[in-house]
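Here's the letter readout for the chains.
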Amino acid sequence: MMRATSFLVLLLAAFSVVYCQGIYGGYFNSHYVDFYQGTEKTTVILSVPHDGWKRPSGIASRERGCYDSRAKTCDWDHDCTGQKHSKKCGVSTGADLWSAKLAMEIRAKIAEVTGETPHMIVNQLHRSKLDPNRERDEAAQGDFQAEYTFDTYHGFIEKAQNLVKKTGNPGIQFDIHGYSSHPDLWFELGYLIDNDDLDRGRLRRSESSIKSLAERVDVTFEEILRGETSLGGMFQAAGYKSIPSPQYPGPGSGFGGKYYRGGYTTQRWGSKDGGNIDCIQMELPPEPRRDNVEHGPRMGRVMGEFVKKYYSGQGMCSCVPPAGPYN
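Residues numbered from 1 in each chain as written. Predicted model: local features only at pLDDT ≥ 70, side-chain atom pairs only at ≥ 80, totals over all residues. Heavy atoms only, no water.

Participant: So what exactly am I meant to see when it comes to the pairing of strand β4 (residues 44–48) here?
Facilitator: As a general feature of sheets, a regular strand has side chains that alternate between the two faces. Among the five residues of β4, five are classified as buried, and the element is accordingly described as predominantly covered. Of the two faces of β4, both are covered, the one formed by Val44, Leu46 and Val48 as well as the one formed by Ile45 and Ser47. Note that β4 and strand β8 (residues 171–178) share four bridges and pair parallel. Looking at the pairing, Ile45 lines up with Gln173 of β8. With four bridges connecting them, β4 and strand β7 (residues 119–123) associate as parallel partners. Following the sheet pairing, Ile45 is matched in β7 by His119. (Buried < 20%, exposed > 50% of the residue type's maximum accessible area, 1.4 Å probe, protein only. Helix = DSSP H or I, 4+ residues; strand = E, 2+ residues; numbered from the N terminus. Pairing = 2+ DSSP bridges.)

Participant: Please explain the packing of helix α2 (residues 99–114) against helix α11 (residues 292–310) as it appears in this structure.
Facilitator: Two measures define how a pair of helices packs: the angle their axes make with one another and the distance between the axes. Put simply, α2 and α11 touch, their axes get as near as 7 Å, and they point 45 degrees apart. One element, α2, and the other, α11, form an angle in the oblique class. Here α2 and α11 pass one another in a crossing that is right-handed. In terms of residue class, the contact of α2 with α11 is built from nine nonpolar, six polar and seven charged. (Axes fitted to C-alpha atoms, helices over the stretch in contact; angles between N-to-C directions. Parallel < 35°, antiparallel > 145°, perpendicular 65-115°, else oblique. Left-handed = near helix turned anticlockwise from the far one by under 90°. Nonpolar A, V, L, I, M, F, W, Y, C, P; charged D, E, K, R; others polar.)

Participant: Could you clarify how one ought to interpret the state of the cysteines in this entry?
Facilitator: A covalent bond between the sulfur atoms of two cysteines is referred to as a disulfide. Here the structure, examined in full by the defined rule, presents two disulfides. Between Cys66 and Cys80 runs a disulfide, and the two sulfur atoms are separated by 2.1 Å. The S-S bond linking Cys66 to Cys80 shows a torsion near 70 degrees; that makes this disulfide right-handed. Of this pair, Cys66 sits in strand β5 (residues 66–68) while Cys80 is found in the loop between β6 (73–75) and α2, placing the two residues 14 residues apart along the sequence. You'll find Cys66 and Cys80 in the same group, each marked buried. Between the sulfur atoms of Cys74 and its disulfide mate Cys89 the distance is 2.0 Å. As the torsion about the S-S bond is roughly -90 degrees, the Cys74-Cys89 disulfide counts as left-handed. Here the residue Cys74 occupies a position in strand β6, and Cys89 occupies one in the loop between β6 and α2, the gap between them amounting to 15 residues. (Disulfide = S-S within 2.5 Å.)

Right, dumping it as structure tokens:
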């Protein structure tokens, strides 16, 4: 009886949800995912998929998949048969270091600028165990616990989006990432527009993760994508090298031509396929992530002003969100 009871306690602990209620909506933790619920009227969501540090031995490490040359697809199961192809079916396992701490600093400043504290979702698993910014089969590779965490992560995003919908206002999700391999070291703002299309001016709002915003503003899509009043334009005005922006309209305007257009999260949770909640992937170089106490508030001010301009219903106050493990 003692052994059965102990096993039950351990099982419940493994799949429990930690919840702390507070004036900012509360803090939830479930199976390696943190959800900081924002204030009731916020229209902003921050997501951080790649700064996890936990590497449980019970979760299989991600590895390259088996390539099916006939179907031109990858089989991501660990027990797949065939050639494991590093180029066709390779995986990225590097962490976007300090991106969670940066997001927490950004969150605090957005709260100060807009008067409403954003929702925030953070994955705790290291990218070698789970990549929430990939399709589920590639992200978890058939591991049950990794799949559970994937579903929890995106379930919390869905919860946050439903809370934003209740405000009756359009919303915006910023998906926070980091990189170190691109020589231009610019802020890469991903809207699902391909590199070549940015360079050649083939800009279609229907293909964008900010389609909802583009359809309700009285300016051209190019202006809202890379003009003075775009997020890139506002970052540029604040002294940050950003793409797309008036100065750097496309990857070809830089040295290396490297740019991330946005991934699975931007595709799934942006407004390209409907709805009025947009999503922008933010790929950031090392310096603002490492020096997050300096850059987080500066970036948060820009993002807060962007929110006030395009995502209505937010006032001004001196609200400051509660501390968390990433402060």
